[in-house]
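# Examination of the molecular architecture
Listed here are the chains, written in short residue letters.
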Amino acid sequence: MLWRGPILPATRPDCGDAGSVARRTWGRARLAVAAIAAAMLLCCGCGTDPNRIGRLQKVWGRRGLSDGRLQKPRAMAIDGQDRLYIVDMTARIQVFDRDGGFLRGWHTPEWTTGKPTGLTIGRDGNVLVADTHYYRVLVYSPDGKLLKTMGGIQGHEPGQFGLVTDVVQDPQGNYYVGEYGEYDRIQKFTPEGRFLLQWGGHGSEPGRFARPQNLEIDEQGHIWVADACNHRIQVFDSEGKLLKVWGSRGSGPGQLYYPYDLVLAPDNLVYVVEYGNHRVQKFTRDGRSLGCWGTNGRGEGQLFNPWALVRDSRGDIHVLDTNNHRIQTVRM
């Protein structure tokens, strides 16, 4: 039986650049009002839409510090054997089978300054970790052996990083690294780690970013970006040329509110998890909504600030239900 306690206000992500202290202070002052407004918007969104979709398959995970338990998990990846890699606020990377059975785990080298917020499986099966607050990318073998470190120096020069959000590899093995904070950009590196190019910059204009929280690469080698604090999805070619942009702030079908992660699926589909709307939304790849799953809450089938999602070989979607310290599996 799951505990169904009172629902707390949703927290607002940090979406400003490093120098916008005044704006963040004003934003915190309006937090309670924003939370109420978001809740009111949700009443008009996919939660009551006849196109609401999804069938819950499984709920697993409990809050805690021991092996197999979770403490505000913030990123998730899945490998070719449907093993789930999850990092939480203890800086542990834990590995589970797709039904929630604990397999193994390890810690990142340092974590007092902050914890990782991005995980990806590389082309060679290694685990790519966005070690956010240490301005670097860590590359691990699947069993937790540290193989390589990229970055480690804060700055705006090529090869230096701001707050790293995610890293992915294209079919040629090139790395794409997303950053937020003062820089809000994507950098591209060779498989050996040599800088190639960068694009973006802080802003709301097409091609710019406000916390590019998650990256994905499609079959054509195009880079999809969950541009979280601009409440939209942007797609670029491998040289940083903008190809498409869709999404707008809101809670209605087709709108987005802090999209934190996305998964590309067959049949021209993309699934987006929304931190602010506490839901997963299913789209065509040109941005047409096909329905939503999830509402704000503690019960089964409800979500509280979800950060990530992955799709397994059966086609099931596993949702990282962050502030409920668990994973929910849904068939959409």
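It should be emphasised that the depicted structure is a prediction, and the values quoted were computed from it without experimental measurement. (Residues numbered from 1 in each chain as written. Predicted model: local features only at pLDDT ≥ 70, side-chain atom pairs only at ≥ 80, totals over all residues. Heavy atoms only, no water.)

### Comments concerning the sheet that holds strand β3 (residues 84-87)
Paired through their backbone hydrogen bonds, the strands of a sheet run either parallel or antiparallel. Spatial strand order, β2-β3-β4-β5: 4 strands in an open sheet with antiparallel pairing. Either end of the sheet is taken by a strand with one partner, and the two such strands are β2 (75-78) and β5 (102-107). Averaged over all adjacent pairs, the angle separating strand axes in this sheet is 20°, with direction ignored. Inspection of the sheet shows β3 paired to strand β4 (residues 92-96) by 4 bridges, in the antiparallel sense. (Pairing = 2+ DSSP bridges. Helix = DSSP H or I, 4+ residues; strand = E, 2+ residues; numbered from the N terminus. Axes fitted to C-alpha atoms, helices over the stretch in contact; angles between N-to-C directions.)

### Considerations on the pattern of salt bridges
This structure, assessed with the given rule, holds 15 salt bridges. Residue Asp131 is joined to Arg136 by a salt bridge in which the shortest nitrogen-to-oxygen separation is 2.7 Å. Assessed through its relative accessible area of 0%, Asp131 is described here as buried. Close ionic contact of Arg232 with Asp227 constitutes a salt bridge, the shortest N to O distance being 2.8 Å. (Salt bridge = Lys/Arg side-chain N within 4 Å of Asp/Glu carboxyl O. Buried < 20%, exposed > 50% of the residue type's maximum accessible area, 1.4 Å probe, protein only.)

### A look at the packing of aromatic side chains
The description of an aromatic ring pair uses the distance of the two centres, along with the angle that the planes make with each other. The tally for this structure, following the rule as stated, stands at 13 aromatic pairs. Ring geometry for Tyr260 against Trp307: centres 4.8 Å apart, planes inclined by 80°, an arrangement best described as edge-to-face. With Tyr260 in strand β18 (residues 259-265) and Trp307 in the loop between β23 (302-303) and β24 (308-311), this residue pair connects regions lying 47 residues apart in the sequence. Here Tyr260 falls in the buried class, since its relative accessible area comes to 2%. Ring-pair connections join several aromatic residues into one group, and the members of that group are Tyr176, Trp199, Phe209 and Phe236. The cationic tip of Arg185 hangs over the ring face of Tyr183; the distance from NZ or CZ to the ring centre is 5.1 Å. A cation sits over an aromatic face here: Arg211 above Tyr180, 4.2 Å from the ring centre. (Phe/Tyr/Trp six-rings, centres within 6.5 Å; stacked < 30°, edge-to-face > 60°. Lys NZ or Arg CZ within 6 Å of the ring centre and 35° of its normal.)

### Details of the nonpolar core
Ranked by internal contacts, the top residues of the largest apolar core, which has 13 residues, are Tyr271, Val280, Trp293, Leu309 and Val319. The set of elements that each furnish at least two residues to this core consists of β18, β19 (269-274) and β25 (317-321). When residues in this core are grouped by element, the largest group, 3 residues, is from β19. If we ignore the near neighbours within four places in the chain, the residues touching Trp293 are Ile53, Gly54, Leu56, Arg279, Val280, Gly301, Leu303, Val319, Gln328, Val330 and Met332. (Core = buried A, V, L, I, M, F, W, Y, C linked by side-chain atoms within 4.5 Å. Contact = heavy atoms within 4.5 Å.)

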